[in-house]
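Examination of the molecular architecture
Here is how the chains run, residue by residue.
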Amino acid sequence: MDQKETEFVDRMGLGMERLTGTRTMGRLYAWLLICDPPDQSLTDLAAELDVSKTMVSMVARQLEAASMVERVPTSGREHRYRVVRGGWAQVLRGQMAVLPPITEALGLGLSLVGDDRAEQRALVEETREFFAFLVRDVEESLQRWEEYRKRPKDDDQGSG
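Treat the numbers as computed from the prediction; the structure is a model and nothing was measured. (Residues numbered from 1 in each chain as written. Predicted model: local features only at pLDDT ≥ 70, side-chain atom pairs only at ≥ 80, totals over all residues. Heavy atoms only, no water.)

**Some details on the pattern of salt bridges**
If you walk through the whole model with that rule in mind, you get 11 salt bridges. Put simply, R80 and D44 hold a salt bridge, and the shortest N to O gap is 3.9 Å. Of this pair, R80 sits in strand β3 (residues 80-83) while D44 sits in helix α3 (residues 42-49), and the two are 36 residues apart along the sequence. The salt bridge partner of E64 is R71, with a shortest N-O separation of 3.8 Å. Of the residues examined, E64 reaches a relative accessible area of 27% and is grouped as partly exposed. (Salt bridge = Lys/Arg side-chain N within 4 Å of Asp/Glu carboxyl O. Helix = DSSP H or I, 4+ residues; strand = E, 2+ residues; numbered from the N terminus. Buried < 20%, exposed > 50% of the residue type's maximum accessible area, 1.4 Å probe, protein only.)

In structure tokens, the structure reads:
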């Protein structure tokens, strides 16, 4: 990995930490975005990232479970991984899946707070509306993203 690649990988590691992942998770994902060949063995990843093979295996499994990377079929015993297109959208969908139950719970909370507690009722209503808005808005955004991805790349050229 050259100096610019290292900087990119490390910056993505910090970014993933801010998104509640781990630095190693971000670094591994970043390296898989830019490495050549685009699929790497656990041994290769451990060497490039200077972390243990056990750590790489654990992080790769977490990214695989999140649909961010996939295991590539090989004839040998060693696992190889590559980035999955659309992985971030899957992550966002997974995170948003927790919101409808929260919205339902807030509906229950609203039924507990009468008009005699107007301030509390307003807070619960606002919170419930916020989560309901997020659910709708994120789903619409993800649908627009899928439509955008399907457009020919020529559509974006010449319009700037």
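So that's the structure; there's more coming.
**Digging into the packing of aromatic side chains**
The geometry of two aromatic rings is summed up by the distance between their centres and the angle between their planes. Evaluated as defined, the whole model comprises three aromatic pairs. With centroids separated by 5.7 Å and ring planes inclined at 85 degrees, the aromatic side chains of Y29 and W88 adopt a geometry described as edge-to-face. Linking Y29 in helix α2 (residues 23-34) with W88 in helix α5 (residues 87-96), this pair joins segments that are 59 residues apart in sequence. Y29 sits in the buried class, given a relative accessible area of 5%. For W88, a relative accessible area of 36% gives the class partly exposed. Ring centres 5.7 Å apart and planes at 25 degrees place the aromatic pair W145 and Y148 in the stacked group. Placement of the pair is W145 and Y148 together in helix α7 (residues 118-150), with a separation of three residues, close to one helical turn. (Phe/Tyr/Trp six-rings, centres within 6.5 Å; stacked < 30°, edge-to-face > 60°.)

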